[in-house]
Amino acid sequence: MMPALHAGQKAQDPGDFADIGSPHITRRGKGMASGSEGGTPEHPGHEEEQEVVPGEESDFEEPRKGRKRPAKGAGGAPSAKKAKTPGGKKGAGGRTPKPNGTATEEQAVTLFEVVKLGKSAMQSVVDEWIDSYKQDRDMALLDLIQFFIQCSGCKGVVTAEMLHNMEHSDIIRKMTEEFDEDSGDYPLIMTGPQYKRFKNNFCEFIAVLVRQCQYSIIYDQYMMDNVISLLTGLSHSQVRAFRHTSTLAAMKLMTALVNVALTLSVNLDNTQRQYESERQKAQGKRASERLEILMQKRADLQENQEEVEHMMNSIFKGVFVHRYRDSLPEIRAICMEEIGTWMRQYSDTFLADSYLKYVGWTLHDKVGEVRKGCISTLQALYCNKENAQKLELFTNRFKDRIVSMTLDKDMDVSVQAIKLVTMIMNDDILTSEDCENVYQLVYSSHRAVAQAAGEFLNKRLFQQDDSGKQLKTKRGKKRSPNTPLIRDLVQFFIESELHEHAAYLVDSLWETNEMLKDWECMTDLLLEEPGRGEEVLTDQQETALVEIMTCCIRQASEGIPPIGRASAKKVQTAREKKQIYDDKVKLTEHLIQTLPALLGKYAVDAEKVINLLCIPQYFDLDIYTTSRLEKHLDLLLKHMQDIVEKHAEQEVLEECSKSFMVLCSEDYPIHTKAMVSRSGLFDALVQKFKQSLDTFFQEGEEADEDDVFNVTSAQKRLMEFYKCHDLSAYDLFEKFIFTIKTANDKTYIPQEILVRSIACAHMDIMWRFSRLDEHDPDKNDIRTINSCVKTFLEFCSQLVEGYVDPTIQEEAFMSIVDILVVFARQVAANPVMKNLIHHSDPVTEIRLTSLLGDRVFVGPEEEHQATDDEEDEANKIEALHKRRNLLAGYCKLVVYNMVSIKTAADIFKHYMRYYNDYGDIIKTTLSKAREMDKVNTARTLNLALTQLFQEVKASQQPLDRASQAFLSIKELARRFSLTFGLDPVKTRQAVAEIHKEGIVFAITPLDDPNDKEGPPPYLSFLEILAEFSPKVMKQDRKTILNYLESKLRQGMINKTDDPWLPLLTYRNSLLEGEHGSKVVARGIRGHGKKGGKSPSEMAAKRKLTMEVDDTPHRARRRSSTTRTRRQSSGVKRRTSNKKPSRVMSLSSSRIAPPRTTSRRDWEFRDAENDSWTQTNEAFAGKTPNRPGHPLHTSTAVKRRRMDPEEGSEQSSERDESEQGSEREFEHTGKPALSQGSWAQVRHHDSARKGRANISYSTQGRRGRGKQMPVEPEPEEADDSGDDDDIADFDTSDMHIGQSSPVDMAQQIVNLPDNLFTSSPDIGDFSSGL
């Protein structure tokens, strides 16, 4: 049957692929009965064998699908004869197997130890074993079997009795039971000096063993039968170590047998020729005895060859056919590597479709290393042209898969696949579509892939024609042989439609074809007129050729790949540097003479001039003087001046400015002549600018478009040269400042003129500053710079506030930021320049922050409106990039303390809303600001929260604490709280400052002007402030409470009505963890009538119960070890994604004292009322002071609260039943639980996974009326170094530490004795959290 094809593949002719089994090798029946394929029985703790079945990525089906494996004795490995071993004899060389399988360098008594140490030559080791085999083959075989067992990492010992009385499958089962499961390591994968060369020694031993035994021992039907049977059984084991080691041994054994078979084949051919030659002699000259000897020798060789082929067939069927699709990638890779070796060495037998199909099928493997091994195997076959005919059917069958692997996600596989496609490239095999898929890879960002594709492209398109036809120009100059290739390259670049990536194309072909360094060929194509039979280059072709030539020049002079193709080898060798220098000299010598002509020809074409102007930057400028080519320099400078006068495009002027900067460098002797030319150019530009600007202002409002154009064009040229050259000596600053001042006077100035005036004035100040002598600056220069900076900052600040054009405002904003950064405090590091320090004034700070609110933190409507007119996504990204630059610029001022930290409140308050766009910038700013000043940063955070609170309160009358706006402020406060980290000692003062400032804000004013009897108007802010309560140290909580009471009038602190709930929430968040009473609400305003029934009346009418599932109930216990570890670990844990809401929780008014003994919480079934009861001895007799009144606490306390002293615990997630009861209580004004029926829902993470929610009722039990403790949650970790929310961290990072000294001391006291002796699995933590 033929293997099924994947959807979309063409069915090929059956051919030899119809035989999907093993090769047809005739087997002689000389006791080589095939053994069992069955492996060892399932063994707990070991990996179960899984066969890789071609799935979605495969285009073939598993061979022999549904066919049963042959039964024992029907095929596969040969059944070894039982050894008849006399007892008491020693094996190889008197060696006695050691049970532990270890040895030192001085003592190596087993084969495994000898091979592992590698101190002895394998030839001598094998010869010694052969001598022992000849003396006692049973004990020698026992040594060899024990060798394979020990090489697998098994410490079991195979005894002579086991070998004599047990089958190999039983021995393997016994060894599996004795396998050491403590570690998953075994010699083949272990590291260290002892095992560094173990694999090589192991493979060498097997190869030498077969080579030394190839003349007699391997044919005795004993040694090889037993070894093959053992390795086949081990290769089917579920133990990975057995399977991996035995497969490697079997494949190396097969390779050694292939070499033996090849030798036998050669000897058989020689013997056959000798026999035929002797028989063809005349009757009188024949030697009958020689004929008989040759006949006997031929028969022996044929018999041995059949025997070896039968062994190979047994290994192939018993091991390879099953292991080439093993679940372990290393095993599959071994199989592919070895089958390639067989095909190369013994191609007559193995280079057949019945074997090649396994390689083809494995091309679809899911592991890159295995696919790469298959490609490497095929590369070794295709490189031999003699194999082409045998590989024809395979190529047609798997060509599509090989071509598709050029786009493999594993780059190494992709590189090797491209090289393989290059080997099999043929006009009849690869279609044009296949080739085009590879062509485009020359633009890949991965350099190895691009270079491999470049080799394919070069072999396919850029091979010189051997016809010998010589091309000539119109004036008779001979063309370079590379001329047709350059034309083809230009055409390929144009057709690829990637005109901005010429550098990538050049880099791909750079090491493949020397035509890219043929400078004369390229310049002749551009300058010389075409001769007879040549086509004229089109304008598009000329532009492409100029761009390609420029990229080639850059690559030759620098030797650096383009951006995005960073080479792994960063340091250039001496040989590479020498090559770069030689190439640079050659291109300079030629282009110095031709570049002026090129600039003269294409002077009016901006697109070509841009590339041509950058060429002098890659010259070796010393050649101008050494080769006496100064006249070409004069021509070059003249053409550059003409280009500046003719062009006003930014890119042309920028490249011209850079080239002038290089030519004027004082490192070269030509700089004098270049500076003279530059000075003349600058004089003309400055004069033209002054005249045009004066004319523009003289005309005033009557200035026409020509006046504006003259100013703009002159200013463009000056601005581009300002970037690379110092023009401050021309005193243009006053002109630029006058333009800015005029714009501030409400006089219309065109946008382009004003933007460039700001930029040029900024650069003028920078050039003046750079000219100062660091050791002895001129005082007049310092005064001039100070005056310029002061004037510039003043006028730019006015533009930021009063100008309506956003482009002008943004330019002024960035200029102010840059100036303040340059002239900040660090200038004072040089005492002589301390007078240059400039600070921002409060007015400027306000204007800058106001611009951020208008241009950066835009609302969804404004942002949508701003991007409606954008043509594509690229413009939106560019707009976001500009906004990020503005924000980063101002944050830079905050981080370096150039503006007040409090001004950052307008930034911090947008942290949550604009997290996706600016979260990383704001987070870094907050972290750096805290490092600079923790207290002021805390005040700034509080200021940001108060600003948001005032905005929400102004928009809501009355304030709805359940609204999304209010909850978003609470979430922002929680995020701010997380950034304080885990050590409360370091942030103690900062946290206290937040509470102090927050309390003052919340109770100011103390009386509500609209309701004299009501709470302060800003009292609801305390509910937001409660998010910071977990960060308050225990000894500071009482102080904060006293401070709060001192700010309130007498009687306010005890009010528990609904308007005062934020006060209760805040007090309870601080009381959590303190020994004392918690205040509870006396009544809550609901949707019904005022008042409500008493708790006792409610208890008589309602009980809180929840149904449970049919899961059998059993008592459960949580040890104090796990609970204490949870209390003492400062970790992050996942929290619910639900929006925070105003909720109620049940708590007693009295907290139990800290426990000194471990606590056991037992749960057991109440058979009477089918509910669950929880008791706790530590809480016996502790009744709530005010039963029946729920405690209103903050979401932060509910989410994350743990007090190791109290043992009181609260969970972050509530069952749906508890939420329902609390919602009912909140809306009806009725208590959910009565005094006699207190209920507490116990929370586990299992509730999130769909398990039953169980309520715990103590009614009718001895725990009646007692408040149950709630489990604690770990403290949050520092969020300052991560972009993700604290809730996204896993509990696998749990560890003890990250606490203050006070907390740590208390935690150590409560640690159980067995905490550090037990090693519970991570699951023990997660199941209880």
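Computed from a prediction, not measured in an experiment: that's the story for all the values here.

### Points about the overall build of the chain
1) Next: Looking only at helices and strands, the chain features 49 helices and five strands.
2) Next: Within the chain, the fraction of its 1329 residues that count as buried is 53%.
3) Next: Taking all contacts inside the chain whose residues are at least 6 apart in sequence as the whole, residues at least 24 apart take part in 77%.
4) Next: When the accessible surface of the chain is summed, it comes to about 62,300 Å², and 47% of that surface belongs to carbon and sulfur atoms.

### Some words on helix α33 (residues 842-856)
1) Next: Taking 1.5 Å per residue as the helical rise, α33 with its 15 residues ought to reach 21 Å, and the 20 Å between its terminal C-alpha atoms agrees with that figure.
2) Next: When we look at burial in α33, the residues that qualify are T844, E845, R847, L848, T849, L851, L852 and V856.
3) Next: In this fold, the buried residues of α33 make contact with α31 (779-802), α32 (806-822), α35 (873-895), α36 (905-908) and α37 (915-932).

### Observations concerning a negative patch on the surface
1) Next: A contiguous patch of negative charge on the surface is contributed by D773, E774, D776, D778 and D781.
2) Next: For D781, the location among the structural elements is in helix α31.
3) Next: Given the relative accessible area of 36%, D781 is considered partly exposed.

### Here we look at the packing of aromatic side chains
1) Next: Overall, the coordinates contain 42 aromatic pairs when judged by the stated rule.
2) Next: For the ring pair F320 and Y358, a centre distance of 5.5 Å and an interplane angle of 90 degrees mean the geometry is edge-to-face. With a gap of 38 residues between them, F320 in helix α9 (residues 288-323) and Y358 in helix α12 (residues 353-362) connect regions that are remote in the sequence. Y358 carries the same exposure label as F320, and that label is buried.
3) Next: Counting every residue linked through ring pairs, the aromatic cluster contains F316, F320, Y324, W342, Y346, F350, Y355, Y358 and W361.
4) Next: Positioned over the ring face of F398 is R397, at 4.5 Å from the centre of the ring.

### Focus on the environment of L945
1) Next: Note that L945 resides in helix α38 (residues 934-955).
2) Next: Distance from L945 to G998, taken between C-alpha atoms, is 9.2 Å for residues 53 residues apart in sequence.
3) Next: Excluding residues that lie within four positions of it along the chain, L945 makes contacts with I969, L972, A973, F976, F1021, I1024 and F1028.

### Here we look at the pattern of salt bridges
Proximity of charged atoms lets side chains of opposite charge pair with each other.
1) Next: By the definition in use, this model includes 45 salt bridges.
2) Next: Between D524 and K477 there is a salt bridge whose closest N-O contact spans 3.2 Å. With D524 in helix α20 (residues 519-527) and K477 in the loop between α17 (447-461) and α18 (483-496), the pair connects residues that are 47 residues apart, well separated along the chain.
3) Next: D605 is the salt-bridge partner of K608, the closest N and O atoms lying 2.4 Å from each other.
4) Next: We classify K608 as buried; its relative accessible area is 1%.

### Quick notes on unusual backbone geometry
1) Next: Going from Q957 to P958, the amide bond is cis rather than trans, its omega being 0 degrees.
2) Next: Mapped onto the elements, P958 comes out in the loop between α38 and α39 (964-978).
3) Next: For the bond running from T1004 to P1005, omega is 0 degrees, close enough to zero to count as cis.
4) Next: Along the chain, P1005 falls in the loop between α40 (988-1002) and α41 (1021-1025).

### Focus: the confidence of the model for the chain
1) Next: For the chain, per-residue confidence averages 75 on the pLDDT scale, and residues scoring 70 or more make up 71% of the total.
2) Next: At the low end of the mean pLDDT range in the chain sits helix α49 (residues 1322-1326), at 28; at the high end sits helix α26 (residues 650-663), at 95.
3) Next: Here residues 1075-1329 scores under 50 on pLDDT; set against residues more than four positions off or in separate chains, the count is 501 contacts.

### Section: the environment of E734
1) Next: When you line up the elements, E734 lands in helix α29 (residues 733-744).
2) Next: Exposure remark for E734: the relative accessible area of 57% places this residue in the exposed category.
3) Next: On a C-alpha basis, the gap between E734 and A761 in space is 8.5 Å, while along the polypeptide they are 27 residues apart.

### Comments concerning helix α42 (residues 1034-1047)
1) Next: Helix length check: α42, at 14 residues, gives a terminal C-alpha distance of 21 Å against a target of 20 Å (1.5 Å per residue), a fit within 8%.
2) Next: Among all positions of α42, only D1036, R1037, I1040, L1041 and L1044 are buried. Buried residues of α42 fall within an arc of 145 degrees about the axis and therefore sit on the same side. Facing away from the buried surface of α42 by more than 90 degrees, the exposed residues are K1038, T1039 and S1046.

### Some details on the packing of helix α15 (residues 411-423) against α17
1) Next: The N-to-C vectors of α15 and α17 enclose an angle of 10 degrees; their axes lie 9 Å apart at closest approach. Here α17 runs roughly parallel to α15, going by the angle between their axes. Along its contact with α15, which presents M411, S414, V415, I418, K419, V421 and T422, the element α17 presents A448, V449, A452, A453, F456 and K459.
2) Next: A breakdown of the residues in the contact of α15 with α17 according to their chemical character gives nine nonpolar, two polar and two charged.

### Quick look at the side chain of T341
1) Next: Topologically, T341 is positioned in helix α10 (residues 329-345).
2) Next: A polar contact is formed between the side chain of T341 and the backbone oxygen of E337, at a distance of 3.2 Å.

What counts and what doesn't
- Residues numbered from 1 in each chain as written.
- Predicted model: local features only at pLDDT ≥ 70, side-chain atom pairs only at ≥ 80, totals over all residues.
- Heavy atoms only, no water.
- Helix = DSSP H or I, 4+ residues; strand = E, 2+ residues; numbered from the N terminus.
- Buried < 20%, exposed > 50% of the residue type's maximum accessible area, 1.4 Å probe, protein only.
- Contact = heavy atoms within 4.5 Å.
- Areas by Shrake-Rupley, 256 points an atom, 1.4 Å probe, with all protein chains shown as cover.
- Expected span 1.5 Å × (residues − 1).
- Patch = residues over 30% accessible without salt bridge, like charges linked within 9 Å, V, L, I, M, F, W, Y side chains within 5 Å.
- Salt bridge = Lys/Arg side-chain N within 4 Å of Asp/Glu carboxyl O.
- Lys, Arg positive; Asp, Glu negative; His and termini not counted.
- Charge placed at Lys NZ, Arg CZ, Asp CG, Glu CD.
- Phe/Tyr/Trp six-rings, centres within 6.5 Å; stacked < 30°, edge-to-face > 60°.
- Lys NZ or Arg CZ within 6 Å of the ring centre and 35° of its normal.
- pLDDT = per-residue confidence, 0-100.
- Arc of directions from axis to C-beta.
- Axes fitted to C-alpha atoms, helices over the stretch in contact; angles between N-to-C directions.
- Parallel < 35°, antiparallel > 145°, perpendicular 65-115°, else oblique.
- Nonpolar A, V, L, I, M, F, W, Y, C, P; charged D, E, K, R; others polar.
- Polar contact = N/O pair within 3.5 Å; in protein donor to acceptor, adjacent residues only side chain to side chain.

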